[in-house]
Amino acid sequence: MSKILNETYLGDEAELVGKLITAATLPSTSLDHIQKKAETLVTQVRKSRLNQGGLDAFLYQYDLSSNEGIALMCLAEALLRIPDKATVNKLIRDKITRADWEDHLGKSESLFVNAATWGLMLTGKIISPSEKDSHVLNKTLKNLVKRGGEPFIRKSMAHAMKILGNQFVMGQNITKALKRSEPLEKQGYLFSYDMLGEAARTMSDADRYFKAYQKAIEKIGEATQGKTPITGSGISIKLSALHPRYEYAQKEEIIPYLTKKLLDLAIHCKKVNIGLTVDAEEAERLDISIEIIKNVFCHAELNNWQGFGLALQSYQKRGYYLIDTLAEIAHSQKKKFMVRLIKGAYWDSEIKNAQVKGLDGYPVFTRKTSTDVSFLACAKKILSYPEAFYPAFATHNAYSLAAVLEMAKLAGVKQFEFQCLHGMGYTLYDQVVGKNNLNIPCRVYAPVGGHEDLLAYLVRRLLENGANSSFVNRIIDEKIPVSEIIMDPVKKLSETEQKPHPHIPLPRNLYGSSRKNSMGINLTNPDEIKKLYENLKNPSYEKVDANAIDPENILNTAHKAFEHWEMTSVEKRAACLDKTADLLEHRMAQFMSITIEEGKKTIPDAIAEVREAIDFCRYYAKEARENLAKPQNMPGPTGETNQLFLRGRGPMVCISPWNFPLAIFMGQVTAALVTGNPVIAKPAGQTIHIAMAAVSLLHEAGIPKDVLQLCPISGKLIGSKIIPDNRIKGVIFTGSTETAQQINQTLANRSGQLVPFIAETGGQNAMIVDSSALPEQVVADVVTSAFMSAGQRCSALRVLFLQEDIADKTIEMLKGAMETLKIGIPRELETDIGPVIDQAAKKTLEEHIEKLKHEKRAKLIYQIPLKPEHEKDSFLGPAAFEIDNINLLTREVFGPVLHIVRFKAKELDQVINSINNTGYGLTMGIHSRIEETVNHIQSRMKAGNIYVNRSMIGAVVGTQPFGGEGLSGTGPKAGGPHYLLRLCTERTLTINTTAAGGNASLMSLNAD
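Here, residues in each chain are numbered from 1, in the same order as that chain's written sequence. Local features are withheld for residues below a pLDDT of 70 in this predicted model, meaning they are given only at 70 or higher, and side-chain atom pairs are given and counted only at 80 or more; totals for whole chains, interfaces and linings count all residues. With hydrogens and water excluded, all non-hydrogen atoms of the structure serve as input to the side-chain values.

### Thoughts on the overall build of the protein
Alright, step 1. Strands are runs of DSSP state E lasting at least two residues, helices are runs of H or I lasting at least four, and both sets are numbered from the N terminus onward. From N to C terminus, the protein includes 36 helices and 24 strands.
Alright, step 2. Looking at the protein as a whole, 59% of its 1008 residues qualify as buried.
Alright, step 3. Accessible surface, the protein: about 41000 Å² in total, of which carbon and sulfur atoms supply 51%. Three labels apply to residues, based on accessible area from a 1.4 Å probe with only protein chains included: buried if under 20% of the type maximum, exposed if over 50%, partly exposed otherwise in between. Residue exposure ignores everything except the shown protein chains as possible cover, and the areas themselves are Shrake-Rupley values with a 1.4 Å probe.

Written as structure tokens, this is what we have:
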């Protein structure tokens, strides 16, 4: 990709928008023509929709700003794929009874909408337990439900959802889709068939999708004999459907593999003479997709074939400049690309992904108007390359359509087409296609597939077109004047003072004025990756002589340092933390190198580790300023002033683990320091040099050396020489439950003042998955939580509870996903899983795996095999076992070993009890679409942090399924303020000014 494409990936939005406004500007006479044409189109659409009604009116009535719209979306995406009746009943009850369907009755002129609303309202009343018997309608419905019961409701809802699904899907297979399209083809429509099935999760998925494409190509070819790629229908291909690891980190394998697969399909299309379009996907895949497309387009076997095409997203900042790159490729081959200009369908996830990863900016525009302007600028540029492109303009926006017509006229381009989505846009394009209209072809993007494959596509369409700001919605809203709908976006954006959206801050400013978000590294940008590798140098370590450390000297130093550090202003202490964060961010590659080398972190994990350390510094600095800088005034009787002060307690011992040697180390230490406490920092023996680098950085940032001392002695010495000493005023610990209990006992045996002990230990972290969950999402979360970081997170998933109705499918998919994971050297970007921390950890894990292999109550599902090169380090093949009960596990297995337990829907409470009976649980995961189920589990589960995935599109982008350390670098652990305040002494100051007319005063000082 060219340099300008990389620069505009996350580039300055305001600057780029200014260029696009200039590029999209047209003469005033052309603008008049566009306005008149757009007004005619909108007026005709409004007239025709009164007769047709249908889905556009339905989406308008139930937009996503309403509870009813959300309920419908949940039902539509889940109802048809839930295998068991009990869960279907719960889903219907959960979604239908929570919505106010009656409020929508009679609000639409569409018979379709009113009929659907009446049915939904009746269903809601049937199954709602809160309706009064005196209501006549309710009595009638009760009689109905007595006769039909829940099966009646279930079948009715399922049928209704099938009708809704059919509005978006052309047919359940290609044969049915071709048959259904015949009447529309006679009107002048063309089709591009998309085989439903978004991203492959396994190689078997990819093989199945590839075969589906092959079959579809053959069938489409048979149906379009005698036509060309331009005059006949074609096929749309998703590269993500052809390989489960279609991502930048795997490009060395992916590019040649997908080049061959796509070439095979393209050759097949050439043979039957139909067009092939490669769909556009997420921005982070653009680089590798263009390289694959170029390889195929330029292949000798496709010479003289004009049927190869791709979709180009105008909501991407790189879209406008990508046109030039594509034109260069087309010119080099002396043939045309078929280019489908679209606005884009992944906006929500693009925004969140950039925020989670702490990128410099967003790959997409933050204003809808900017995307509309970009669409016009891109259209104008595409039309300026008639020798390079056969263009297709995909839009449901009447103004955009009219503008393209005018720009094509100005450019003298007569050969082009429009495109729309099946189920939407027909009322608009019925005025365009056919000899009786403009006689310009419109190609319909037509999804094909069963209801189980509908989910991702359906939700994306609902999100795009069900939102109350969408053109599809606004065009049929009679309350909105036509003039407002057809407003020139170029003029509108030119008059907008703040070009980036003011309510979508840059990832850096995600937390507003409270603190800066830590910056990440874009691991899909070649320039950033090259720079990272240049700075990822092998670290040099200083030797540490733990035997030379005198515990008594350390204790004395910390004790003496307390007075001057506690008297240091909160602002100065907080400023030291902010400076530490800035230094860490500036030297990210240096600290990544150490965590990769000593902590055996992969590159993404190393980035997350450093980012979380940065976040801890800024977070505790903010908390200190808010909670410690000024006394809190408290209510009291007249004449009294009551104030609450928070002060330091004294020397703290911070004992950090090896699994997060920088993030947890920094979190413990900075919280203690900013509250005015000197710190004795004891790192894990495996990661001493990371702690040394961190302490050095804190000293450089202004923390006095006597206030922060590194104490890399053995745990035994810490436990016998330092923790029992009364000069120690608190202990912060992360590690095993057994060690925490020993420390707790030691502190209990001390005489004198009771001191705080803050312990974060592991647990049998579990996830409960019911049958309303989407297996693809479950597997993605499970793989991330159980196996990434080699399973060495305190919050990693250890036990997965699967409702039996989806267990087989989910387990098979999990096995396939595990087969695609790559074990390797942590420093290599393609590595998913590195070695466990050391040989001792490996031995313990191997013993557990071998024990389960011979256990009658356990069954090995899959273990990733190791290769000869893995013998050089402490590599361990991640494994998944099915077991009959969680009680088979007597302690946490700290590594990449997952245990799966099946359960019946009626056994949910037994599952909760079995988890609670383990006695400890740091985190808990829930996958369910049913609020009633989620709330029930949350209310009964005894775990420190609960993560719920209700997402209908995909797992939460870029995060592990459980909260906790190493999450994503976007924020420290939940409960941070409590972590900080427990390190303080609370003091209340009461001044009485009422005695003796105010001449005498009484002051009391209390300490907790």
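Next comes the rest of the account.
### So, helix α10 (residues 203-223)
Alright, step 1. Under the convention used throughout, the expected extent of a helix is 1.5 Å for every residue step, that is, one less than its residue count. Between the first and last C-alpha of α10 there are 30 Å, a value that for 21 residues agrees with the 30 Å anticipated at 1.5 Å per step.
Alright, step 2. Considered for burial, the residues of α10 that qualify are Asp205, Ala206, Tyr209, Phe210, Tyr213, Ala216, Ile217, Ile220 and Gly221. What you see down the axis of α10 is that its buried residues fit within an arc of 135°, all on one side. Among the exposed residues of α10, those pointing more than 90 degrees away from its buried face are Ser204, Lys211 and Lys215.
Alright, step 3. By definition in these notes, contact holds between two residues if any of their heavy atoms fall within 4.5 Å. In this fold, the buried residues of α10 make contact with α9 (174-187), β1 (189-195), β2 (234-237) and α11 (251-272). Directions from the helix axis toward the C-beta atoms define the arc.

### Re the nonpolar core
One broad trend across soluble globular proteins is that nonpolar side chains are buried collectively.
Alright, step 1. The biggest cluster of nonpolar side chains holds 176 residues, and the ones touching the most others in it are Tyr193, Phe308, Phe337 and Phe418.
Alright, step 2. Here this core takes 12 residues from helix α26 (residues 603-627), the largest share from any one element.
Alright, step 3. Setting aside its immediate chain neighbours within four residues, Phe308 contacts Leu262, Ala266, Leu276, Val278, Ile293, Val296, Phe297, Lys336, Phe337 and Met338.
Alright, step 4. We define a nonpolar core as any set of buried Ala, Val, Leu, Ile, Met, Phe, Trp, Tyr and Cys residues linked to one another through side-chain atoms lying within 4.5 Å. Judged by nonpolar contacts, the second largest core, of 65 residues, contains Val778, Val799, Ile861 and Tyr862.

### Some words on the sheet that holds strand β12 (residues 679-682)
Alright, step 1. Strand order in the open sheet formed by 5 strands is β13-β12-β11-β14-β15, and the pairing between neighbours is parallel. Bordering the open sheet on either side are β13 (708-710) and β15 (757-761), each of which pairs with just one other strand. Each neighbouring strand pair of the sheet contributes to a mean axis angle of 15°, computed without reference to strand direction.
Alright, step 2. We call two strands paired when DSSP finds no fewer than two bridges between them. Where strand β11 (residues 652-655) meets β12, 4 bridges bridge the pair, whose relative direction is parallel. By the bridge assignment for β12, Cys654 is matched with Ala681. Each axis is a line fitted through C-alpha atoms, taken for helices only over the stretch in contact, and angles between the N-to-C directions span 0 to 180 degrees.

### Describing the pairing of strand β8 (residues 442-448)
Alright, step 1. Of all 7 residues that make up β8, 7 are buried, and the element is covered over most of its length.
Alright, step 2. Residue alternation in β8 divides its side chains into two sets, Cys442, Val444, Ala446 and Val448 and Arg443, Tyr445 and Pro447, and both sets are buried.
Alright, step 3. With 4 bridges connecting them, strand β7 (residues 417-421) and β8 associate as parallel partners. Note on β8: the bridge partner recorded for Cys420 is Val444.

### Looking at the packing of aromatic side chains
Alright, step 1. The criterion for an aromatic pair is that two Phe, Tyr or Trp rings (for Trp, the six-membered ring) have centres within 6.5 Å, with stacked assigned to planes under 30 degrees apart, edge-to-face to planes over 60 apart and tilted to the rest. The final tally for this structure, using the stated rule, is 14 aromatic pairs.
Alright, step 2. Taking the centre distance of 5.4 Å and the plane angle of 85° together, the rings of Tyr320 and Tyr321 count as edge-to-face.
Alright, step 3. A centroid spacing of 5.8 Å and a plane angle of 10° characterise the contact between Phe616 and Tyr620, whose relative ring orientation is stacked. Taken together, the residues span about one helical turn, with Phe616 and Tyr620 both in helix α26 at a distance of 4 residues.
Alright, step 4. Here, over-ring charges are defined by two tests on the NZ atom of lysine or the CZ atom of arginine: distance to the ring centre within 6 Å, and angle to the ring normal within 35 degrees. When the ring centre of Tyr511 is taken as reference, the NZ or CZ atom of Arg515 above it lies at 4.1 Å.

### Here we look at the side chain of Lys238
Alright, step 1. Looking at the element boundaries, Lys238 is found in the loop between β2 and α11.
Alright, step 2. Judged by its relative accessible area of 2%, Lys238 is buried.
Alright, step 3. Among the polar contacts listed, one links the side chain of Lys238 to the side chain of Tyr445, at a separation of 3.1 Å. Polar contact is the term for a pair of N or O atoms within 3.5 Å; when the atoms are in protein, one must be able to donate a hydrogen and the other to accept it, and sequence-neighboring residues count only if both atoms are side-chain atoms.

### Some details on unusual backbone geometry
Alright, step 1. At Asn304, a residue that is not glycine, the phi angle is positive and equals roughly 70°.
Alright, step 2. For Asn304, the location among the structural elements is in the loop between α12 (286-297) and β4 (308-313).
Alright, step 3. Even without a glycine there, the phi angle at Lys334 is positive, about 55°.
Alright, step 4. Take Lys334: it is sitting in the loop between α13 (319-333) and β5 (337-342).
Alright, step 5. Residue class for Lys334 comes out exposed when judged on its relative accessible area of 75%.

### With respect to the sheet that holds strand β6 (residues 389-394)
Alright, step 1. Ordered in space as β1-β2-β3-β4-β5-β6-β7-β8, the 8 strands form a closed barrel in which the pairing is parallel. Strand-to-strand twist in this sheet, taken as the mean axis angle between neighbours without regard to direction, amounts to 30°.
Alright, step 2. By the bridge criterion, 3 bridges tie β2 to strand β3 (residues 276-278) in an arrangement that is parallel. By the bridge assignment for β3, Ser236 is matched with Thr277.
Alright, step 3. Contacts between α9 and the sheet are confined to β1 and β8, with β1 contributing the most and set at about 160° to the helix.
Alright, step 4. Contacts from α12 reach β3, β4 and β5 within the one sheet, and its direction differs from that of β4 by about 160°.

### Details of the side chain of Arg798
Alright, step 1. With respect to the helices and strands, the residue Arg798 is situated in the loop between α31 (775-787) and β17 (799-803).
Alright, step 2. A polar contact of 3.4 Å, which involves the side chain of Arg798, links it to the backbone oxygen of Val893.

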